[in-house]
There are 2 protein chains.
Amino acid sequence: MTVTLKDIAIRAGVTSATVSMVINNKPNISETTRKKVLKIAKELNYYPNVIARGLATKKSNSIGVIVPNLASSFVVRVLQGIKSTNRDIEYTVQLFDTIGQKERESQLFQRLARERRIDGVILISSTVTEEELNVFAEESVPSIIVARRCEHLDSVYVNNEQGAFDATEYLITKGHRNIACITTRKQGIPTEERYNGYLRALRSHQIEARSDILFDVNDDGMEDGIEIFDRLKNIVPRPTAVFVPAGDMVAIGIVKEAKREGIKVPDDLAIVGYDDIPAAEVIEPALTTVRQPKLEMGDYAINMIVDKIEGRESGIKHKELPTKFIIREST
Amino acid sequence: MTVTLKDIAIRAGVTSATVSMVINNKPNISETTRKKVLKIAKELNYYPNVIARGLATKKSNSIGVIVPNLASSFVVRVLQGIKSTNRDIEYTVQLFDTIGQKERESQLFQRLARERRIDGVILISSTVTEEELNVFAEESVPSIIVARRCEHLDSVYVNNEQGAFDATEYLITKGHRNIACITTRKQGIPTEERYNGYLRALRSHQIEARSDILFDVNDDGMEDGIEIFDRLKNIVPRPTAVFVPAGDMVAIGIVKEAKREGIKVPDDLAIVGYDDIPAAEVIEPALTTVRQPKLEMGDYAINMIVDKIEGRESGIKHKELPTKFIIREST
DNA sequence: TTGTAGGCGTTATCAT
DNA sequence: ATGATAACGCCTACAA
């Protein structure tokens, strides 16, 4: 039924070794047989069995992409960056998600590292520790982590601290002194860094950070923003600005609730989000926010991992990308 | 370096055949050797080489998911549906996108169908013809198409015609007679069906369709909506409602531009979108729209394809899911 | 330039 | 209950 090298070999009057060499463009094949073999291969509509090839070469020509959650627009956008370059790359992408199930995570890593199903791994924005990622190094499966810097692993990430600094400083130069900060601890390192950037900006302008206007939300939805605003509005002195490293959706919730309560944005309350999701342009006033170069991150990630797999690069590489501050109407 | 069946076999004093049987829970193995083998396997931290296994069993335990474009929130959401069920399923997901490159598409199908890299294929919302999908049938690779009904292929889809009918009829019962329709032809069958539903609703209420308020946009972004509104506003008699099967982003553009021009939504102009994207709740007034059960579609798709692959179902199956009309503030 | 032979790690069919 | 042995389809020395 399916055409194999052997089928071609028989018809061409050669052995499958020869056919293999032709298919793989190896040198030292006479033009005559090359032509003949290629012709027959085409007639028979031959496609190599990649599984068999993988067994022989010990390469699957496939890379794994592990994501925490496909519901995150950040993750999807990075994925898109990975895929779009991948057009010209002869690697297949296998998608895995861990949906926060902590125990399954390291199990998944084990399997991926040892089952020889993939040649390398891209890990997007996760809360795993570096230790848990060691399996890949142990099995010498190239790996790279996106959205977070890791000392002992290749990584592609954004300067979150600086992004937050820029945003906060912008608010300060606009005259704000009481700037609330809405963050989300459980999201891990990146939000932590953003918080630090916020603090640094305050410090560099001799403004004391007020702990009563620092909030920690659990999730990053619009409802969280609504709830936060309701807590925020009664605090005195009331902040005149809010920086929301927790994400744009939370910021949007705040905008909505503020408007509903008759608070004018940005006049009474300026708001800066983080991420530049599509809805940031939809809300009125349109949201000022910090954009991360998500597509670019994906792009770097796939290229770096392919280089690693093919042995073109060695040593740990870090790629830091800049954020971009997008000024719209909410400030 | 890597542990194989043979390694285990040697230490256990049996052959790799026996070890294989133990690993795969085959019957007719003495408890003693089973215990012994399992113990050694664990000590050595053995994981089967799935590539080798695939060659032997002619199964890759992997399914391909082909998407036209990861930038579409519809596609991503269906993907999410596929992945979330997939947790308990022993199939890996390989992601492919075709980014509209028509010529590459059938080439991709050829490869996927013949390279034995995947056991089955899920195709999300694409404009390919049934003919192009024949390769899968020819190579007896189970396949299923999502978001569109195909006579000769398994499919999971939504009753777009009815969804559009419901939306339009709702507008009619609200007293509207001049209802514009913004569609997007190039998106293929589903939009076509929605248009038909719109027409049917008009007919069933003896309203004549006006061709001067039927618009065709090329893309489905906010800008398209803005542009459409500017064309719409000068038409007499001016429509009092707009149904936008082209999608929520276009509808949002219309809302925004209408507001900017001082037209009151919904009082002066009622607007209904299609898809229920996250931003539909963000815009003010919140958008009335037609929701498709995207997660559910992905869920059905993965389960159907797995059943097919494992030979549990045969014959062509179609699963039609209902849309849900979401009433918000724009009507 | 091409053929021979062996191996990649598993599974599956026979014997034993 | 277990062992030999032969696939699976391809690649790669090495030999000719």
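Residues numbered from 1 in each chain as written. Chains lettered and ligands numbered in written order. Predicted model: local features only at pLDDT ≥ 70, side-chain atom pairs only at ≥ 80, totals over all residues. Heavy atoms only, no water.

K.L.:
Could you give me a rundown of the sheet that holds strand S7 (residues 214-216) of chain B, with the residues and numbers involved?
P.N.:
Residue and element names in this part refer to chain B. Spatial ordering of the open sheet is given by S7-S6-S8-S9, a layout of four strands whose pairing is parallel. In the strand order of this sheet, the two ends are held by S7 and strand S9 (270-272), each with one partner. In this sheet, neighbouring strand axes are inclined to one another by 15° on average, regardless of whether the strands run parallel or antiparallel. Pairing of strand S6 (residues 179-183) with S7, which is carried by three bridges, proceeds in the parallel orientation. Each bridged residue has a counterpart across the sheet, and for Ile182 the counterpart in S7 is Phe215. On top of the sheet, helix H9 (residues 189-204) reaches S6, S7 and strand S8 (241-243); it is set at about 170° to S6, its chief contact. (Pairing = 2+ DSSP bridges. Helix = DSSP H or I, 4+ residues; strand = E, 2+ residues; numbered from the N terminus. Axes fitted to C-alpha atoms, helices over the stretch in contact; angles between N-to-C directions. Contact = heavy atoms within 4.5 Å.)

K.L.:
Lay out the relation of the copies chain B and chain A in plain terms, naming residues and giving numbers.
P.N.:
If you rotate chain B by 180° and push it 0.0 Å along the axis, it lands on chain A with an RMSD of 0.1 Å. One copy is carried onto the other by what is essentially a two-fold rotation axis. For chain B, the minimum C-alpha distance to the rotation axis belongs to Gln94 of chain B and amounts to 2.2 Å. (Least-squares fit on C-alpha atoms with pLDDT ≥ 70 in both.)

K.L.:
Give me the domain arrangement of chain A: which residues, what numbers.
P.N.:
In terms of domain boundaries, chain A breaks down into domain 1 (5-48), domain 2 (56-158 + 294-322) and domain 3 (160-291). The straight-line distance from the C-alpha centre of domain 1 of chain A to that of domain 2 of chain A is 36 Å. (Domains from an automatic or database assignment.)

K.L.:
Requested: an account of the protein's contact with DNA strand D, with residues and values cited.
P.N.:
Around DNA strand D sit 25 residues, and of these Leu5, Tyr46 and Arg53 of chain A together with Thr18 and Thr33 of chain B come closest. Considering DNA strand D, the proportion of its atoms within 4 Å of the protein that are sugar or phosphate atoms stands at 79%. Here Ser20 of chain A contributes a side-chain N or O atom positioned 2.9 Å from a phosphate oxygen of DNA strand D. In this structure, a phosphate oxygen belonging to DNA strand D sits 3.3 Å away from a side-chain N or O atom of Asn24 of chain A. Those elements that place two or more of their residues in the surface near DNA strand D are helix H2 (16-23) and helix H4 (50-57) of chain A together with helix H2 (16-23) and helix H4 (50-57) of chain B. Of all the elements, H4 of chain A adds the most residues to the surface near DNA strand D, at four residues. When its residues are assigned to classes, the surface near DNA strand D shows eleven nonpolar, eleven polar and three charged. (Near = heavy atom within 4 Å. Polar contact = N/O pair within 3.5 Å; in protein donor to acceptor, adjacent residues only side chain to side chain. Nonpolar A, V, L, I, M, F, W, Y, C, P; charged D, E, K, R; others polar.)

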